[in-house]
Amino acid sequence: MFAGHRADYVLLGVVLFLVLAGFLFLASASSDLAKIKYNDSFFFLSSQLLKGLLPGILGFCIGYFMYYRKWKKLSPILLLLNIILMVLVFTPFGFAAKGSYRWIQMGPLSFQPSELLKITFILYLASLFSSVPVKRLKQSWASYGLFLFVSCVVSVLIFIQPATTMAVIVIGAGAVMFFFSGASFKHILLTAGLAVVIVLSLAIFTPYRLHRVAPFLNTITSQIAPSLALKDASADSFHVNQSLIAIGTGGIGGVGFGKSTSKYSVLPEPMGDSIFSVIAEEFGFIGSLVVIGLYLMFFWRSSDLMLHSHDDFAKLVVLGFSSIIMIQTLIHIAANSGVLPFTGVPLPFISYGGTALAVSLTMVGIIANISRHTSSSKL
């Protein structure tokens, strides 16, 4: 089973650098808030270490040393267990935070089952799509129907938490896998049509979701055609305006580590949803470019691995995991930069969040195992 290749150390080095940099950025973004709230400047760092990094190292080791094809047989069971955990969120085992039911508490252990979907859903789709030859997949309504059914179940459970952006990330990555696995044009058109219907339905039946997007749309309208804007866009766009101010304040080289002023009160979730703005303010355009470059390097190495793999399951797993990380990164940076509506999306490997970090490192472990069994152009 073991082909004798070494892991892609460039990819692993990029991830290691991002994780270490993440603790550095987190120390700056969270220390003052931790001191005020818990009288411990290292509270959030300690929590990220114990609830994120340590479980993440364990998950990475499991993914790294477990032969990747074993995940194919386990994927249906893992996804079913994950769906059960998603349902348990709405029972006494679950609890709400900031108005959303996303957490499960089991003794001292608390985690977000929706984060686990980044692994289980991707593994299941990789197994499904790799089990059907491309020619049959283009004609197979059964496989397409199963893909839609599972995606709908997962989407509904995420939407009712609610966690709209998580659904966009997970289902978006699944759609990328579906497209590259050889889906027919008619399946793609039908899927796009269903997506439009779902988006319109959410806007009609859950107005608060539309309300979150409205300030962004109103801002664009006010810039292109001020006479058509409903009202002063700046009133509803406070968060993104503060993010842009923080990014602009950083200039070329930044104001210096720990010297951000925006993180104290005006930025929402400076250690999570807005951490890129803190990075841009303290390390400037150059520091921001380095961070973006690291994510692009991660995508490059993942793409290289995918192209050199001769196993369809391995290709789809790498494609799915890298799509999860890159879609999430794109949304986070774009939202902080005012290019997309401001949403609560953490920056992979960097933002505060134990479950998210543990899941990301587990995905990297599985990718590394695939690289050990793939002859790619490792530099």
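As a convention, each chain's residues are numbered from 1 in the sequence order in which they are written. Thresholds applied to this predicted model are a pLDDT of at least 70 for local features of residues and 80 or more for the giving and counting of side-chain atom pairs; totals over whole chains, interfaces and linings are not thresholded and use all residues. Calculation of side-chain values draws on the structure's entire complement of heavy atoms; hydrogens and water are dropped beforehand.

Chemist: Any chance you could explain the overall build of the protein chain here in plain terms?
Modeler: The numbering of helices and of strands both runs from the N terminus, where a helix is a DSSP run of H or I of at least 4 residues and a strand a run of E of at least 2. A count of helical and extended segments in the protein chain gives 14 helices and 3 strands. Contact between two residues is taken to exist if any of their heavy atoms lie within 4.5 Å; hydrogens are not considered. Contacts in the protein chain between residues at least 24 apart in sequence constitute 75% of all its contacts with a sequence separation of at least 6. Note that accessible areas follow from Shrake-Rupley with a 1.4 Å probe, and for residues the cover is restricted to the protein chains shown. Summing over all exposed atoms, the protein chain offers an accessible surface of approximately 17800 Å²; the carbon and sulfur share of this is 73%.

Chemist: What is the right way to look at the packing of aromatic side chains in this model?
Modeler: Where two aromatic rings form a pair, the distance of their centres and the angle of their planes describe that pair. Here a pair means two rings of Phe, Tyr or Trp (six-membered ring of Trp) with centres within 6.5 Å. Their orientation is stacked below 30 degrees between planes, edge-to-face above 60, and tilted elsewhere. By the definition in use, this model includes 15 aromatic pairs. Judged by centre distance (4.6 Å) and plane angle (15°), the rings of F147 and F178 are stacked. Placement of F147 in helix α6 (residues 141–159) and of F178 in helix α7 (residues 164–180) is noted, with a sequence separation of 31 residues between them. Comparing F147 with F178, the two get one shared label, buried. Among the aromatic residues, ring-to-ring pairing joins Y38, F43, F44 and Y352 into one connected group. The criterion for a charge sitting over a ring is simple: Lys NZ or Arg CZ within 6 Å of the ring centre, and within 35 degrees of the ring normal. Taking the ring centre of W300 as reference, the NZ or CZ of R301 above it sits at 4.6 Å. The ring of Y64 carries the charged tip of R372 above its face, separated from the ring centre by 4.5 Å. Note on exposure labels: buried denotes an accessible area under 20% of the residue type's maximum, exposed denotes more than 50%, and partly exposed covers the range between, all computed with a 1.4 Å probe on protein chains only.

Chemist: Any chance you could explain the side chain of S243 here in plain terms?
Modeler: In this fold, S243 is placed in helix α11 (residues 238–250). In this structure S243 touches L267, S274, S277, N336 and F342, once residues within four positions along its chain are discounted.

Chemist: Teacher, can you tell me more about the nonpolar core here?
Modeler: The tendency in soluble globular proteins is for nonpolar side chains to be buried as a group. To define a nonpolar core, start from buried Ala, Val, Leu, Ile, Met, Phe, Trp, Tyr and Cys residues and group those joined through side-chain atoms within 4.5 Å. The biggest cluster of nonpolar side chains holds 86 residues, and the ones touching the most others in it are F121, F298, F321, F349 and I350. In contact with I350, not counting residues within four places along its chain, are L18, G22, F25, I275, I279, V291 and Y295.

Chemist: Got a minute to help me understand the packing of helix α1 (residues 9–38) against helix α12 (residues 275–308) in this structure?
Modeler: Packed helices, taken two at a time, are described by the angle their axes make and the gap between the axes. For every element, the axis is a line fit to its C-alpha atoms; helices are fit only across the contacting stretch, and the angle between N-to-C directions ranges from 0 to 180 degrees. Where α1 contacts α12, the two axes come as close as 10 Å, and the packing angle between them is 160°. Here α1 lies roughly antiparallel to α12, going by the angle between them. For the pair α1 and α12, the sense of crossing is left-handed. Note on element contacts: α12 touches α1 through I275, V278, I279, E282, F283, V291, L294, Y295, M297, F298, R301 and S302, opposite V10, L11, V14, V15, F17, L18, L24, F25, L26, S28 and A29. Of the residues belonging to the contact of α1 with α12, the class tally is 19 nonpolar, 2 polar and 2 charged. By the definition adopted for this analysis, an angle is roughly parallel if under 35 degrees, roughly antiparallel if over 145, roughly perpendicular if from 65 to 115, and oblique otherwise. Crossings are classed by handedness, with left-handed meaning an anticlockwise turn of the near helix from the far one by less than a right angle and right-handed meaning a clockwise turn. Amino acids are sorted into nonpolar (Ala, Val, Leu, Ile, Met, Phe, Trp, Tyr, Cys and Pro), charged (Asp, Glu, Lys and Arg) and polar (every other residue, Gly among them).

Chemist: Help me understand helix α14 (residues 354–372) in this model?
Modeler: Count 3.6 residues to each turn of an α-helix, and residues three or four apart come out pointing the same way. Between its first and last C-alpha, α14 extends 27 Å over 19 residues, near the 27 Å set by a 1.5 Å rise per residue. Of all 19 residues making up α14, 19 are buried, and the element is well covered by its neighbours. To estimate how far a helix should extend, the number of its residues minus one is multiplied by 1.5 Å.

Chemist: What exactly am I supposed to notice about the pattern of salt bridges here?
Modeler: In a structure, side chains of opposite charge can pair up when their charged atoms sit close to one another. Definition used for salt bridges: Asp or Glu carboxyl oxygen within 4 Å of a side-chain nitrogen of Lys or Arg. This structure, assessed with the given rule, holds 4 salt bridges. The partner of D8 in a salt bridge is R301, with the nearest N and O atoms 3.0 Å apart. A residue pair is termed long-range when its members are at least 10 positions apart, and D8 in the segment before α1 and R301 in helix α12 qualify at 293 residues. The pair D8 / R301 is uniform in exposure class, with both members buried. For R301, the salt bridge is made with D304, and the minimal N-O distance between the two is 3.9 Å. One end of the pair, R301, and the other, D304, are both in helix α12, 3 residues apart, so they sit about a helical turn from each other. Owing to a relative accessible area of 10%, D304 belongs among the buried residues under this scheme. The network of salt bridges with shared partners includes D8, R301 and D304.

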